[in-house]
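One-letter residues, chain by chain:
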Amino acid sequence: MMDDLKALYQEVIIDHSRNPRNFGALESANCSAEGVNPLCGDELTLQCWLDDNDVIQDVKFVGHGCAISIASASIMTEMLKGLTKSDAESLFENFRARVTGLGEVRSNDIGKLEVLSGVREFPTRVKCATLPWHTAIAAINRSEDQVTTE
Amino acid sequence: MSEVALKTPAEYQSGNVLDIQEIRAQFPILEEMVHGNTLAYLDNGASSQKPIAVTETLERYYATQHANVHRGVHELSDRATEAYESARKTARKFVNANRSEEIIFVRGTTEGLNLVAESYGRWKLKPGDEILVSEMEHHSNIVPWQLIAERTGSIVRMIPMNDNGEIIQEDYQNLLNDKTQIVAITHVANSLGTVNPIKEMVRMAHDAGAVVVVDAAQAAPHISIDVIDLDCDFLALSGHKMYAPTGIGVLYGKGELLEAMPPYQGGGEMIRRVSFEGTTYANIPHRFEAGTPNIADAVGFGAACNFMWNIGIDTIAAHEQELLDYVHECAEQHEDLRVYGNAKHKAGVFAFTLDNVHAHDLGTILDRQGVAIRVGHHCAMPVMQHFNVAATARASFAVYNTHDEIDRMFDALDVVRELFG
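For chain A, the count of helices and strands is five helices and four strands. Taken from N to C terminus, the helices and strands of chain A fall in the order α-α-β-β-β-α-α-α-β. Here chain A has a C-alpha radius of gyration of 14 Å; the compact-globule value for 150 residues is 15 Å, and the two agree. Burial statistics for chain A: of 150 residues in total, 51% are counted as buried. Contacts spanning at least 24 positions in sequence make up 59% of the contacts within chain A whose residues lie at least 6 apart. Approximately 6900 Å² of chain A is accessible, and the part contributed by carbon and sulfur atoms is 46%.

If you want it as structure tokens, here you go:
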């Protein structure tokens, strides 16, 4: 019981949730999206500066949620900078496949996201980890719809 | 219909204390292991577990009594009709209504409240009329009123509460005026546990010429319901929170109101005569029960009422009150624990947060230790806004809960502190 919990709530996760990186408004943003998890009330707004070559130059977020969703958003923003839109999308596909057990894991290298892989053992919490990603993908695709996990 | 052989209250009790082990033995699910731990089920406010008396009634109904009701000329249809109407009489007694016709079987509290909003509201509300709804309502006692207000041009106004989670009676008095048509209030608040002074609030509403709709979903499992004493005009409750099956609930309405109200849904069962020139409707309660009703679960509802009476509703209430006192006492030992809902009169619900820990993380960590509680906004977002929190944790009690389970919850909170330390 404690092993699963310790794997989920690693120190890195607690640290990111308490001191989220890239938290705040992004003045240079040229795309953004809002994500909500209506079930638990998690809400986040993600802003992004995508350059003409579809490279993510900067990204920031604001919002509130559980430790998993805030840590996931924080780690994600660190990883997204410098990635192209399509690199970001395939990284998310890999991450999602790892934590849901659904879909094809094309690469085992998910970098820093590895710390979130413990969420796989907590099916009701997977949405918390993936909400920031769904929101980011919506932002870089300039989707107008609010992202919801329901 | 034969009743399940139930124990007498004396058999359940040794002295004035409940024989908890005897009660727990009636709920096989309490033996379930969760993540390698014995289950401590403290999420009764969401839905209670079901005693054998209820599940066996369902089995026996389907094995020996089932057919459609009110239309067959054959034996089984008679048995089913008898079982269903007998459950209605039991429900009448449970809320202490004058007549069985004042009892409408619905899916649950939500459907009951929607029925009143749709039928009574659509009939009575005019542009500019006012509907008063308290700040501590469940969404199901807010949204139906917003929907009908939008369609009728009437206005929903909020009765505020104080920081203890009590309705501010002076504000309520001031909000009541000759435009007030409907007052919709909860008997027991699901997110706070507050027991509202319904009887007094009904009197005040009646003085202003308004009808009162009571949400008794959280009250029914914990306190005696007496619609005559309360003098409320409508009252809705859900079976599944009071040991009955899911999908069945009761709407009580004063006979003279129900008789005057237009139908809610159309279909079979609710008509007297149908023709393309025009249709006439059945008398109450059937006018409000279009289609084949949820016969089996209504019968199960009757069994749940009997289960509660056999223990004694006062005995159940006293036991749960003791658990509530105990949990508040334990909470005082912890400086990092915030309690939401400190009303003078409370029942069944203990809502809290732990400093610097989101309720969802807390819920997951407790679950891994076998402790089931509810976390989130509890379908009461205005209450969360009042206290400026996104979510709270809620332990809610039933007759089978023990002091030991509360101890286990507090032990489990130590693990939360350890992980978040």
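So much for the structure itself; the text now carries on.
Attention now moves to the packing of aromatic side chains. Scanning all chains against the criterion turns up 18 aromatic pairs over all chains. Between A:Phe95 and A:Trp133, the ring centres sit 6.0 Å apart and the planes meet at 45°, which makes this aromatic pair tilted. You can see A:Phe95 sitting in helix H4 (residues 85-100) and its partner A:Trp133 sitting in helix H5 (residues 126-140), a full 38 residues away along the chain. The pair formed by A:Phe95 and A:Trp133 is uniform in burial state, with each residue classed as buried. Centre to centre, the rings of B:Tyr84 and B:Phe105 are 5.3 Å apart; their planes meet at 45°, and the pair counts as tilted. Of this pair, B:Tyr84 sits in helix H4 (residues 75-95) while B:Phe105 sits in strand S6 (residues 103-106), and the two are 21 residues apart along the sequence. There is no split in this pair, since B:Tyr84 and B:Phe105 are both buried. Stacked on the ring of B:Trp123, the Lys or Arg B:Lys124 has its end atom at 4.5 Å from the ring centre. Sitting over the ring of A:Phe122, B:Arg368 keeps its end group 3.9 Å from the ring centre.

So, on to the packing of H4(A) against H5(A). Residues and elements named next belong to chain A. Where H4 meets H5, the axes come as close as 11 Å, and the angle between the chain directions of the two elements is 160°. Taken together, the axes of H4 and H5 lie roughly antiparallel to each other. Classified by chirality, the crossing of H5 by H4 is left-handed. Only Val126, Ala129, Thr130, Trp133, His134, Ile137 and Ile140 of H5 make contact with H4, whose side of the interface consists of Lys85, Ala88, Glu89, Leu91, Phe92, Phe95, Arg96, Val99 and Thr100. A class-by-class count of the residues in the contact of H4 with H5 yields 10 nonpolar, three polar and three charged.

A few words on the environment of A:Asn141. Residue and element names in this part refer to chain A. Looking at the secondary structure, you find Asn141 in the loop between H5 and strand S4 (147-148). It is 9.3 Å that separates the C-alpha atoms of Asn141 and Ser32, two residues lying 109 residues apart in sequence. Polar side-chain contacts of Asn141 include one of 2.9 Å to the backbone oxygen of Ile137.

If you look at the biggest cluster of nonpolar residues, it comprises 82 residues, and the most contacted ones within it are B:Phe94, B:Val95, B:Tyr172, B:Val183, B:Leu235, B:Leu237 and B:Phe301. A total of 11 residues in this core trace back to one element, the largest contributor, which is helix H11 (residues 295-311) of chain B. Listed in part, the 79 residues of the second largest apolar core include A:Phe92, B:Ala393, B:Ala412 and B:Val416.

The subject of this paragraph is the interface of chain A and chain B. On the side of chain B, 16 residues touch chain A, which itself brings 21 residues to the contact. For the pairing of chain A and chain B, the buried interface totals around 1600 Å² over both sides, and the portion due to carbon and sulfur atoms is 59%. Where chain A packs against chain B, one counts two salt bridges. Note that A:Asp4 and B:Arg368 form a salt bridge whose closest N and O atoms lie 2.8 Å from each other. Our count for the contact surface shared by chain A and chain B stands at nine residue pairs in polar contact (both at pLDDT 80 or more). Those elements that place two or more of their residues in the side of chain A that touches chain B are helix H1 (2-8), helix H2 (11-18) and helix H3 (67-80) of chain A.

Residue and element names in this part refer to chain B. Pairing is mixed in the open sheet, where seven strands are placed in the order S6-S12-S11-S10-S9-S7-S8. Sheet topology places S6 and strand S8 (155-159) at the edges, where each strand pairs with a single neighbour. If you compare each strand with its neighbour and ignore which way they point, the axes differ by 20° on average. Across five bridges, strand S11 (residues 234-238) lies against strand S12 (residues 249-253) in antiparallel orientation. Looking at S12, one finds that Ser238 is bridged to Gly249. Sheet strands in contact with helix H5 (residues 109-124) are S6, strand S9 (180-186), strand S10 (211-215), S11 and S12, and its direction is about 155° off that of S11.

On to the sheet that holds strand S19 (residues 392-396) of chain B, then. Residues and elements named next belong to chain B. Within the open sheet, the four strands sit side by side as S15-S16-S19-S18. Their pairing is antiparallel. In this open sheet, the two strands that pair with only one neighbour each are strand S15 (337-340) and strand S18 (374-376). Direction aside, neighbouring strands of the sheet carry axes that sit 30° apart on average. Bridge analysis of S18 against S19 gives three bridges, and the strand direction is antiparallel. Looking across to S19, one finds that Val375 is bridged to Ala393. Taken strand by strand, helix H12 (residues 313-331) contacts S15 and strand S16 (349-354), and its axis lies near 15° from that of S16. Running over the sheet, helix H13 (residues 359-367) touches S16, S18 and S19 and is turned about 160° from S18.

All names here are of chain B. The pairing of strand S7 (residues 130-134) with S8 spans five bridges and is parallel. Note on S8: the bridge partner recorded for Val133 is Met158. Crossover S7 to S8 through helix H6 (residues 143-152) is right-handed.

Below, the discussion takes up a nonpolar patch on the surface. Residues B:Ile271, B:Val274 and B:Tyr281 make up a contiguous nonpolar surface patch of about 250 Å² in total accessible area. Using a relative accessible area of 54% as the deciding quantity, one classes B:Val274 as exposed.

What follows covers the environment of B:Gln21. Residue and element names in this part refer to chain B. Looking at where Gln21 falls in the secondary structure, it is placed in helix H2 (residues 20-24). A relative accessible area of 57% places Gln21 in the exposed class. In this structure, the C-alpha to C-alpha distance between Gln21 and Asn401, residues 380 residues apart in sequence, is 10.0 Å.

Evaluated as defined, the whole model comprises 29 salt bridges over all chains. In this structure, A:Arg96 and A:Glu93 form a salt bridge, with 3.3 Å as the shortest nitrogen-oxygen distance. Taken together, the residues A:Arg96 and A:Glu93, both in helix H4 and three residues apart, mark about one turn of the helix. The class of A:Arg96 is partly exposed, set by a relative accessible area of 29%. When the shortest N-O distance is used, the salt bridge between B:Asp231 and B:Lys254 registers 3.0 Å. Pair noted here: B:Asp231 is in the loop between helix H9 (227-230) and S11 and B:Lys254 is in the loop between S12 and helix H10 (255-260), with a separation of 23 residues, a long-range link. Given a relative accessible area of 33%, B:Asp231 falls into the partly exposed group. When salt bridges that share partners are traced, they join A:Asp15, A:Arg21, A:Glu78 and A:Lys112 into one network.

Here is what the cut-offs are and how they apply
- Residues numbered from 1 in each chain as written.
- Chains lettered and ligands numbered in written order.
- Predicted model: local features only at pLDDT ≥ 70, side-chain atom pairs only at ≥ 80, totals over all residues.
- Heavy atoms only, no water.
- Helix = DSSP H or I, 4+ residues; strand = E, 2+ residues; numbered from the N terminus.
- Rg over C-alpha atoms; globule rule 2.2 N^0.38 Å.
- Buried < 20%, exposed > 50% of the residue type's maximum accessible area, 1.4 Å probe, protein only.
- Contact = heavy atoms within 4.5 Å.
- Areas by Shrake-Rupley, 256 points an atom, 1.4 Å probe, with all protein chains shown as cover.
- Phe/Tyr/Trp six-rings, centres within 6.5 Å; stacked < 30°, edge-to-face > 60°.
- Lys NZ or Arg CZ within 6 Å of the ring centre and 35° of its normal.
- Axes fitted to C-alpha atoms, helices over the stretch in contact; angles between N-to-C directions.
- Parallel < 35°, antiparallel > 145°, perpendicular 65-115°, else oblique.
- Left-handed = near helix turned anticlockwise from the far one by under 90°.
- Nonpolar A, V, L, I, M, F, W, Y, C, P; charged D, E, K, R; others polar.
- Polar contact = N/O pair within 3.5 Å; in protein donor to acceptor, adjacent residues only side chain to side chain.
- Core = buried A, V, L, I, M, F, W, Y, C linked by side-chain atoms within 4.5 Å.
- Buried area = accessible area lost by both parts, 1.4 Å probe.
- Salt bridge = Lys/Arg side-chain N within 4 Å of Asp/Glu carboxyl O.
- Pairing = 2+ DSSP bridges.
- Right-handed = clockwise from strand over helix to strand, strands pointing away.
- Patch = residues over 30% accessible without salt bridge, like charges linked within 9 Å, V, L, I, M, F, W, Y side chains within 5 Å.

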